[in-house]
Amino acid sequence: MPDRFYVTTAIAYANNKPGLHTLHEVIAADALARWHRMRGVPTRFLTGTDEHSVNIAMRAAEEGRSPRDFVDEQVTKFVAAEDALLIAPDRFIRTTDADHVRASQEMVRRAYANGDIYVGTYEGWYCPNEGFRNPTDVVETAAGTICPNHPDVPLQWLTERNWFFRLSAYQERLERWFEEHPGFVQPDYRRNEMLGFIRGGLEDFSISRAGAGWGIPFPIAEDGRPAVSEDGSPDPAAGTIYVWFDALINYITGAGFPDDADLFARWWPADLHVIGKDIARFHTIFWPAMLWSAGLEAPRRVWVHGWLLAQGERMSKSRGNFLDPLDFVAAFGADGARYVALREVAFDRDSDVSWDGFLRRYNADLANDFGNLVNRTVSMAGRYLGGERPAPRAAPTAPLAGAWATTLRVVEERLAGCLVHEALAALWDFVGAANRAVDAEAPWAVAKAAKAGDAAAAARLRDVLGDLLEACRLVALAAAPVMPGAAPRVLAQLGHAYPWDARGDGGPPLLDELVWGVHATEAGTLAAPTPLFPRLDVGEPGG
RNA sequence: GGCGGAGUAGCUCAGUGGUAGAGCAGGGGACUCAUAAGCCCUUGGUCGGUGGUUCGAAUCCGCCCUCCGCUACCA
């Protein structure tokens, strides 16, 4: 078991309102964080928002507001969506946070001190509204090259003096790093892509933009001295820090850099960065080099997930084919929303999702299979045996105990490999085994025999129902990182305590609790059976 | 164009030489504890096409078709 677990997600760009496609990785990271935290591993989970850039300043201006005012409101939407989904980061970081500004500037200073940044010229198509545009973002038309967002505004080919980071100096070290740490980037095919990119040769990249835009002031003047005006304020002539030396830095800010050396020593390097495939290169190539330049360690692992697709198309705000997280939670509940999102989306590749698919998954897995298993089990135990909870049989004699041992092993393995969807699939195989056990044993028939005075049947009834109640306990607990709200409700029906708090802290090591029969000798009182996941027939909002 | 991956039941996918599989969806049945759920049975596929290797190919090789990922500066 690891000694600690520091997990991060990509920070959401505060220009857009939250969508399920961007929050999916945050749900997954939250579940992985809870899995570690509940096992007793000191855990730190960081997520947040990326709030600088010309685009954001532009959006704010459109609304006649200051950028700061604009992002302050945007952030409340992300926090609200995460709250609704029971996402509980240890810190919600904003790139406008004061310590993050200090961290970014310190990283620039360190890169400078190490001789890794220099003033060069950056040139490209410049949109007066959005700043420099990627060659891939501009469109050639008969009237000339235009920016698709502002077709009437002519683009200018501009040259700008910028600071560059000497990525080229890190090629060999990066290749070596990838070879010596084959698990650094996962899944493997993403690692191969990144390694291929490195081997193709690395170019330096620009890390500043001219002028005092909406961004972190660049801390160094062209002559190498601190970029401060006479009154102590940042010198606008030095420009602003450009995206990667701003956004990526959040991962170390969130671990205490540069102000809290003890905290930083405890949490860095991160155990896991969870990111989308579109930013793999920046996290697996730029980022380690930036850290090395500053004398810091590279993260231990980067997990690259795919996209959510709707009818084959990437979900996105601009396409309009995205799901509002609040609608999602309203329809499926927080636990249901988390479960179906993590079960329907394969975490190692793109996945086509649909409202009907989520609904089918909810009804099949949660309402019919697991919810009904708990309901029928608690109902029979309560009816046939009164309120006292019967104990499960000892592992060697309980048929489900052996199946459970196998299930738990697979669940652990899949979660260690970030294959959350496969972990849930394995867990639900066990739910199926429990449901089949109910029908095989037919407790209602055994209960009749017991009532007629058959002592062996009475004993059998207690054993069978004790096993089934135990199966329900184990599934609820193993699924607790995914369904942290439902788990305590299940345990309450089973007459068990649930010692973890809403964040997953404060309980015993989860793996100790996931042993068949650990509470066999303890008395407990069953509660009235209440459906956990009502069967749903809900249409897509607006659909 | 180069490199890599994928095309298997309506849907999502597993299956790397030996008589085609799972889950969901569809159909039927027995039961009845339960959220008309669960359980059992079942319909359904010339395993992208084609040629070859082999006693035997979804599985190996050649060619073709289709789709996807990477092929540098978006937040």
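The structure this text deals with has already been given above.
Residues numbered from 1 in each chain as written. Chains lettered and ligands numbered in written order. Predicted model: local features only at pLDDT ≥ 70, side-chain atom pairs only at ≥ 80, totals over all residues. Heavy atoms only, no water.

Trainee: Can you walk me through the overall build of chain A in this structure?
Mentor: Scanning chain A from terminus to terminus reveals 18 helices and 19 strands. Viewed in the frame of its principal axes, chain A has a C-alpha envelope of about 95 × 50 × 45 Å. Expressed as a percentage of the 543 residues in chain A, the buried residues total 55%. Within chain A, contacts between residues separated by at least 24 positions form 78% of all contacts whose residues are at least 6 apart in sequence. Looking at chain A as shown, the accessible area adds up to about 22,300 Å², and 51% of this sits on carbon and sulfur atoms. Computed over 53 positive and 72 negative side-chain charges, the inter-centroid distance for chain A is 5 Å. (Helix = DSSP H or I, 4+ residues; strand = E, 2+ residues; numbered from the N terminus. Buried < 20%, exposed > 50% of the residue type's maximum accessible area, 1.4 Å probe, protein only. Contact = heavy atoms within 4.5 Å. Areas by Shrake-Rupley, 256 points an atom, 1.4 Å probe, with all protein chains shown as cover. Lys, Arg positive; Asp, Glu negative; His and termini not counted. Charge placed at Lys NZ, Arg CZ, Asp CG, Glu CD.)

Trainee: I tried to follow the protein's contact with RNA strand B on my own but got confused; where do I start?
Mentor: In the vicinity of RNA strand B lie 45 residues, with Asp50, Asn134, Glu203, Val243 and Arg281 positioned nearest. Put simply, 68% of the atoms of RNA strand B that lie within 4 Å of the protein are in sugar or phosphate. A distance of 3.4 Å separates a phosphate oxygen of RNA strand B from a polar side-chain atom of Asn55. The side chain of Tyr384 places a nitrogen or oxygen atom 3.4 Å from a sugar or linking oxygen of RNA strand B. (Near = heavy atom within 4 Å. Polar contact = N/O pair within 3.5 Å; in protein donor to acceptor, adjacent residues only side chain to side chain.)

Trainee: Would you mind showing me how to read the environment of Leu195 here?
Mentor: Locating Leu195 in the fold gives a position in helix α6 (residues 188-199). Each C-alpha atom, one on Leu195 and one on Phe205, is 18 Å from the other, the two residues being ten residues apart in sequence. Not counting chain neighbours up to four residues away, the residues in contact with Leu195 comprise Glu175 and Phe178.

Trainee: What is the right way to read the packing of aromatic side chains from this model?
Mentor: To describe a pair of aromatic rings, one takes the distance between the centres and the angle between the planes. Taken as a whole and judged by the stated rule, the model has 33 aromatic pairs. Measuring from ring centre to ring centre gives 5.2 Å for Tyr126 and Phe132, while their planes differ by 80 degrees; the resulting arrangement is edge-to-face. Among the residues examined, Phe132 registers a relative accessible area of 13% and is labelled buried. Judged by centre distance (4.9 Å) and plane angle (70 degrees), the ring pair of Phe328 and Phe358 falls under edge-to-face. In this pair, Phe328 sits in helix α11 (residues 325-344) while Phe358 sits in helix α12 (residues 355-385), placing the two residues 30 residues apart along the sequence. Accessibility assignment for this pair places Phe328 and Phe358 in one class, buried. (Phe/Tyr/Trp six-rings, centres within 6.5 Å; stacked < 30°, edge-to-face > 60°.)

Trainee: In this structure, what is going on with the packing of helix α15 (residues 443-451) against helix α16 (residues 455-478)? I would like to understand it.
Mentor: Two quantities define a packed helix pair, namely the angle between the helix axes and the distance between the axes. Close contact between α15 and α16 brings their axes to 8 Å; oriented N to C, the two are set at 150 degrees. By the angle class used here, α15 and α16 are roughly antiparallel. Here the hand of the crossing between α15 and α16 comes out left-handed. Contact residues: Pro443, Val446, Ala447, Ala449 and Ala450 in α15; Ala457, Ala458, Arg460, Leu461, Val464 and Leu465 in α16. Class assignment of the residues belonging to the contact of α15 with α16 gives a composition of ten nonpolar, no polar and one charged. (Axes fitted to C-alpha atoms, helices over the stretch in contact; angles between N-to-C directions. Parallel < 35°, antiparallel > 145°, perpendicular 65-115°, else oblique. Left-handed = near helix turned anticlockwise from the far one by under 90°. Nonpolar A, V, L, I, M, F, W, Y, C, P; charged D, E, K, R; others polar.)

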